[in-house]
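Inside the fold
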Amino acid sequence: MTASAPDRPQTSPDKPNPKTRAAYGRRYGQLKRAATKVLPHLTVDAFVDWVIETRRKAWGASSWRQYRAAMLYGLGRERSADPAIAAQIDAACSRLQQTRPWPQKDGTLRTSQQKSKRMPQNDCNRIRHAALASRSPKRQELADILLATTITGLREAEWPSARFVRSQTPGFAWELIVRNAKYDEERNEQARAHGEFRTLRWAALDDEAVSTIARWIARAKQTERDGAYDKLIRALGDLMYKLTQVLFPRRRKRPALYSGRHEAIARWKLHYVESQTTIEGRLQGLAIVAALSGHASDETATVHYGRPRLGERPVMGFPIPVADEVEVAHVRRRMQLTLARLAERKPQRESHRPSL
């Protein structure tokens, strides 16, 4: 790859945390190795052309954003290592940022679009039973992570940091303390998390839930210590994909590992938000859902995650956790600041309206 010099590349505005950087680096390396097989004399422009014109066609909108972020990260690292190609990489990054997802005119669902954002209790039970009945050496791990995630709503990356203990808070039997994945330890910034940790509490959990959560956390911690956790998660995702193809052959969208988190958050919205009849009650409910989800505000949890269906009733099989009051208060403060900024902007927008 060749070119000339100057400033910083126009990379993604989000500064990824260490785990995300590792994932971006791995994804970038996979793309570059695949490109090298078809483009023996790889240049920056040829690499970016290949990604945009060839690979982008197979990705849905959200997958394209992930791969584009990985490309921006990987190219940024190459720019730092070799300033001589800075100008060419800057131009390539600009092209990537301006490129939209491939238009889907045939109605075909691609990559992440094939993944359902909901995993009802019946689906969860069927997949867990199919996993345990399979001959896969990962059958118990898949059954455990599905139930544990659907109860707690944890991200896959958060399990190795989790602590599941008897609660010392009056009125609660169990609590889960987890380090928020969106918290950036290197910069000591909250980023999209409401703080470094979050706490979920339950007044009661049945024996199966307790043993499953404890067993899966122990497995996650052990494989993380061995440096094999990411490999385990990929294997469980592959097994999940195979099982859901057999169980739900006619569905256009099937549950994936992350669907359990979506399902949990949708259930919390139903319990804490949809049941409220006042604006204040709904705002408090949104803050609770954000705190339980590990978000700094209500926006991500309410917009990007599974939503309750119209007329949906609460599911009795999965217990609803309670958020820490201090964490909820922190989210409410962030929400108030956002509302105040919006209120300040409204008069400005109104003043620019043409008079009739």
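As a starting point, this report considers the structure included with it. Every value quoted in this text rests on a predicted model; they were computed, and no experiment measured them.

A closer look at the side chain of Arg267
Among the structural elements, Arg267 can be located in helix 9 (residues 259-272). Of the buried charged residues, Arg267 lacks a salt bridge, with Glu263 as the closest side chain of opposite charge at 4.6 Å. Reaching out from Arg267, the side chain makes a polar contact with the backbone oxygen of Thr150 at a distance of 2.4 Å.

Structural notes on helix 2 (residues 44-53)
By the burial criterion, the buried members of helix 2 are Val44, Phe47, Val48, Trp50, Val51 and Ile52. In this structure, the buried residues of helix 2 make contact with helix 1 (18-38), helix 3 (61-81) and helix 4 (86-98).

Focus on the environment of Arg166
Inspection of the secondary structure puts Arg166 in strand 2 (residues 163-166). Sequence-wise, Arg166 and Arg201 are 35 residues apart; in three dimensions their C-alpha atoms are separated by 9.5 Å.

Remarks on the side chain of Arg128
Mapped onto the elements of the fold, Arg128 is located in helix 5 (residues 121-133). For Arg128, a relative accessible area of 8% puts it in the buried group. A polar atom in the side chain of Arg128 sits 3.4 Å from the side chain of Glu208. When sequence neighbours within four positions are dropped, the list of residues in contact with Arg128 reads Ala143, Leu146, Leu147, Glu208 and Thr212.

Describing the nonpolar core
Grouped together as the largest cluster of nonpolar side chains are 53 residues, with contacts concentrated most on Leu142, Trp159, Phe164, Leu205 and Trp216. Excluding residues within four positions of it along the chain, Phe164 makes contact with Trp174, Glu175, Leu176, Trp202, Leu205, Val210, Ile213, Ala214 and Ile217. Counting residues in each nonpolar core, the second largest holds 20 residues, with Val51, Ile52, Trp59 and Ile85 among its members.

Some words on the packing of helix 6 (residues 139-152) against helix 7 (residues 207-225)
The geometry of helix 6 relative to helix 7 is characterised by a closest axis approach of 9 Å and an angle of 115° between their N-to-C directions. By the angle between their directions, the pair helix 6 and helix 7 is classed as roughly perpendicular. Here the hand of the crossing between helix 6 and helix 7 comes out left-handed. Each of Gln140, Glu141, Asp144, Ile145, Leu147, Ala148, Ile151 and Thr152 in helix 6 lies in contact with helix 7, whose residues at this interface are Glu208, Ala209, Thr212, Ile213, Arg215, Trp216 and Arg219. For the contact of helix 6 with helix 7, the residue count by class is seven nonpolar, three polar and five charged.

What about helix 8 (residues 229-247)?
In a regular helix each residue adds 1.5 Å, so 19 residues correspond to 27 Å; helix 8 covers 27 Å between its end C-alpha atoms and thus fits that length. Along helix 8, the residues classified as buried are Tyr229, Leu232, Ile233, Leu236, Leu239, Met240, Leu243 and Thr244. The buried residues of helix 8 occupy one face: seen down the axis, they fall within an arc of 130°. Along helix 8, the residues that are exposed and aim more than 90 degrees away from the buried face are Lys231, Lys242 and Val246. Buried residues along helix 8 sit in contact with helix 5, helix 6, helix 7 and strand 5 (254-255).

Some thoughts on the pattern of salt bridges
Evaluated as defined, the whole model comprises 14 salt bridges. Residues Glu175 and Arg201 are paired through a salt bridge, measuring 2.9 Å at the closest nitrogen-oxygen approach. Of this pair, Glu175 sits in strand 3 (residues 174-179) while Arg201 is found in strand 4 (residues 197-202), placing the two residues 26 residues apart along the sequence. Using a relative accessible area of 12% as the deciding quantity, one classes Glu175 as buried. Owing to a relative accessible area of 13%, Arg201 belongs among the buried residues under this scheme. Residues participating in the shared-partner salt-bridge network are Arg155, Glu158 and Arg198.

Remarks on the packing of aromatic side chains
Tallied over the entire structure, the rule returns six aromatic pairs. For the ring pair Tyr24 and Tyr73, a centre distance of 6.0 Å and an interplane angle of 50° mean the geometry is tilted. Placement of Tyr24 in helix 1 and of Tyr73 in helix 3 is noted, with a sequence separation of 49 residues between them. Across the pair, exposure class does not vary: Tyr24 and Tyr73 are buried alike. Consider the rings of Tyr28 and Phe47, whose centres lie 5.7 Å apart with planes at 65°: the pair is edge-to-face. Separated by 19 residues along the polypeptide, Tyr28 in helix 1 and Phe47 in helix 2 bring together distant segments of the chain. Taken individually, Tyr28 and Phe47 each receive the classification buried, so the pair is uniform in this respect. Among the aromatic residues, those joined into a ring-pair cluster are Trp59, Trp64 and Tyr67. Positioned over the ring face of Tyr67 is Arg27, at 5.0 Å from the centre of the ring. Note that Arg56 overlies the ring of Trp64, its terminal NZ or CZ placed 6.0 Å from the centroid.

Thresholds, definitions, all that
Residues numbered from 1 in each chain as written. Predicted model: local features only at pLDDT ≥ 70, side-chain atom pairs only at ≥ 80, totals over all residues. Heavy atoms only, no water. Helix = DSSP H or I, 4+ residues; strand = E, 2+ residues; numbered from the N terminus. Buried < 20%, exposed > 50% of the residue type's maximum accessible area, 1.4 Å probe, protein only. Lys, Arg positive; Asp, Glu negative; His and termini not counted. Salt bridge = Lys/Arg side-chain N within 4 Å of Asp/Glu carboxyl O. Polar contact = N/O pair within 3.5 Å; in protein donor to acceptor, adjacent residues only side chain to side chain. Contact = heavy atoms within 4.5 Å. Core = buried A, V, L, I, M, F, W, Y, C linked by side-chain atoms within 4.5 Å. Axes fitted to C-alpha atoms, helices over the stretch in contact; angles between N-to-C directions. Parallel < 35°, antiparallel > 145°, perpendicular 65-115°, else oblique. Left-handed = near helix turned anticlockwise from the far one by under 90°. Nonpolar A, V, L, I, M, F, W, Y, C, P; charged D, E, K, R; others polar. Expected span 1.5 Å × (residues − 1). Arc of directions from axis to C-beta. Phe/Tyr/Trp six-rings, centres within 6.5 Å; stacked < 30°, edge-to-face > 60°. Lys NZ or Arg CZ within 6 Å of the ring centre and 35° of its normal.

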